[in-house]
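Descriptive structure summary
Okay, here's what each chain looks like letter by letter:
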Amino acid sequence: MSYRKSLNFYLGLSFVLIITGCSWSGAPFAPSGPTNVKGNNSASVQKATMRPYTINGKTYYPTVVSVGDKASGTASWYGPNFHGKTTSNGEIYNMYNMTAAHKTLPMNTILKVTNLRNQKSVIVRINDRGPFVADRVLDLSKAAAMKLDVIGTGTAPVSMEVIGFNEDINVVASAQTKPTSTGIKASNPVSPTAPSGGIVISSEQRVVGGDFMVQIGSFKNLEGANRYQREHQSIDGYKSVVRTFTIDGSTIYRVFLHGFRSEDEARDYARSGKFQGAFIVRG
């Protein structure tokens, strides 16, 4: 967490430069309780927060996620030292809100987080980057950590499930797939025991982050490239595509596989030996 301040400065600077019209004067304030925050999910903010970034010599690539994706690891929490300061997406961090920080998930990703020690669960919205500690995958707000009984231990093993994407927080999540009092329909039912201050899930099912591809062929003629693309149009769960390039005045048709969820996945596939000379590119 010691690197959060520097990361937030650079990401926050990009955010401010993009949306200066929404800026406000004065120093950040420290809320004394939960606040209603509408997450900014504009294209400009998503673009700014989905760029690769480097902390302590390690580069992180915000990546593709879908509803239903699951992961596990060690969660920690952060509170007073960052309360009232700017998060990576330009919000004011409020330790009393149900939010969390993750190194690569898109902003406004909605997670169901379960403490594997006691099976308690919460729903949080990603609005920050971190934690930058090798063995940790998630930084919970103080409010979320309290509900999961993580305050005393500092860390806990957790499971995480992507359950949606939405801009609104502090709205009680509906336990049934029926319209709420706000008229918003939950696309994924949540447990009847979901805590108040949960999040209504949107109907969006996927958020795309970094776009990594693997080149598997290069041709001087379009017919050959298209034939090769058709032969590999669906392989190992990835889709193929032909892209046109001009090099030294000559036209080259390159065939790529896309659909990789992260740089590591694309790099591992390129090194698998399935395609001689394959290499990774960023789309």
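Residues numbered from 1 in each chain as written. Predicted model: local features only at pLDDT ≥ 70, side-chain atom pairs only at ≥ 80, totals over all residues. Heavy atoms only, no water.

Right, let's talk about the sheet that holds strand S6 (residues 109-115) for a bit. Strand order in the closed barrel formed by 6 strands is S4-S8-S5-S7-S6-S9, and the pairing between neighbours is mixed. Shown here is a sheet whose adjacent strand axes are inclined to one another by a mean of 45°, direction ignored. Note: strand S4 (residues 70-77) against strand S9 (residues 155-165), 7 bridges, orientation antiparallel. Bridge pairing in S9 links Gly73 to Val158. (Pairing = 2+ DSSP bridges. Helix = DSSP H or I, 4+ residues; strand = E, 2+ residues; numbered from the N terminus. Axes fitted to C-alpha atoms, helices over the stretch in contact; angles between N-to-C directions.)

A few words on the pattern of salt bridges. Applying the stated rule across the entire model yields 3 salt bridges. Asp149 is paired through a salt bridge with Lys120; the nearest N and O atoms lie 2.6 Å apart. Taken together, the positions of Asp149 in the loop between helix H3 (142-147) and S9 and Lys120 in the loop between S6 and strand S7 (121-128) put the pair 29 residues apart, joining distant regions of the chain. The exposure class assigned to Asp149 is partly exposed, which follows from its relative accessible area of 41%. Among the residues examined, Lys120 registers a relative accessible area of 36% and is labelled partly exposed. Across the pair Lys274 and Asp236 runs a salt bridge, and its minimum N-O distance is 2.8 Å. Pair noted here: Lys274 is in the loop between helix H5 (263-270) and strand S15 (279-282) and Asp236 is in the loop between strand S12 (234-235) and strand S13 (238-247), with a separation of 38 residues, a long-range link. On the basis of relative accessible area, Asp236 is assigned to the partly exposed category, the value being 44%. (Salt bridge = Lys/Arg side-chain N within 4 Å of Asp/Glu carboxyl O. Buried < 20%, exposed > 50% of the residue type's maximum accessible area, 1.4 Å probe, protein only.)

Here the focus is the confidence of the model for the protein chain. Across the protein chain, the average pLDDT comes to 75, with 72% of residues at 70 or higher. A low-confidence stretch, residues 13-27 (pLDDT under 50), is modelled with 14 contacts involving residues beyond four sequence positions or located in other chains. In this model, residues 167-209 is a region of pLDDT below 50 whose contacts with residues beyond four sequence positions or in other chains number 102 contacts. (pLDDT = per-residue confidence, 0-100. Contact = heavy atoms within 4.5 Å.)

Moving on, we come to the pairing of S4. Note: S4 against strand S8 (residues 138-140), 3 bridges, orientation parallel. What sits directly across from Ser76, in S8, is Asp139.

Now for the packing of aromatic side chains. Tallying each qualifying case throughout the model produces 10 aromatic pairs. Relative to Tyr93, the ring of Tyr78 lies with its centre 4.4 Å away and its plane at 10°, an arrangement referred to as stacked. Of this pair, Tyr78 sits in the loop between S4 and strand S5 (99-101) while Tyr93 sits in the loop between S4 and S5, and the two are 15 residues apart along the sequence. What makes Tyr78 buried here is its relative accessible area of 2%. For Tyr93, a relative accessible area of 1% corresponds to the buried category. Consider the rings of Phe260 and Tyr269, whose centres lie 5.6 Å apart with planes at 55°: the pair is tilted. Taken as a pair, Phe260 and Tyr269 share a single burial class, namely buried. An aromatic cluster is present here, built from Tyr53, Tyr60 and Phe132 joined pairwise through their rings. In this structure, Lys58 packs its charged tip against the face of Tyr60, placed 5.5 Å from the ring centre. (Phe/Tyr/Trp six-rings, centres within 6.5 Å; stacked < 30°, edge-to-face > 60°. Lys NZ or Arg CZ within 6 Å of the ring centre and 35° of its normal.)

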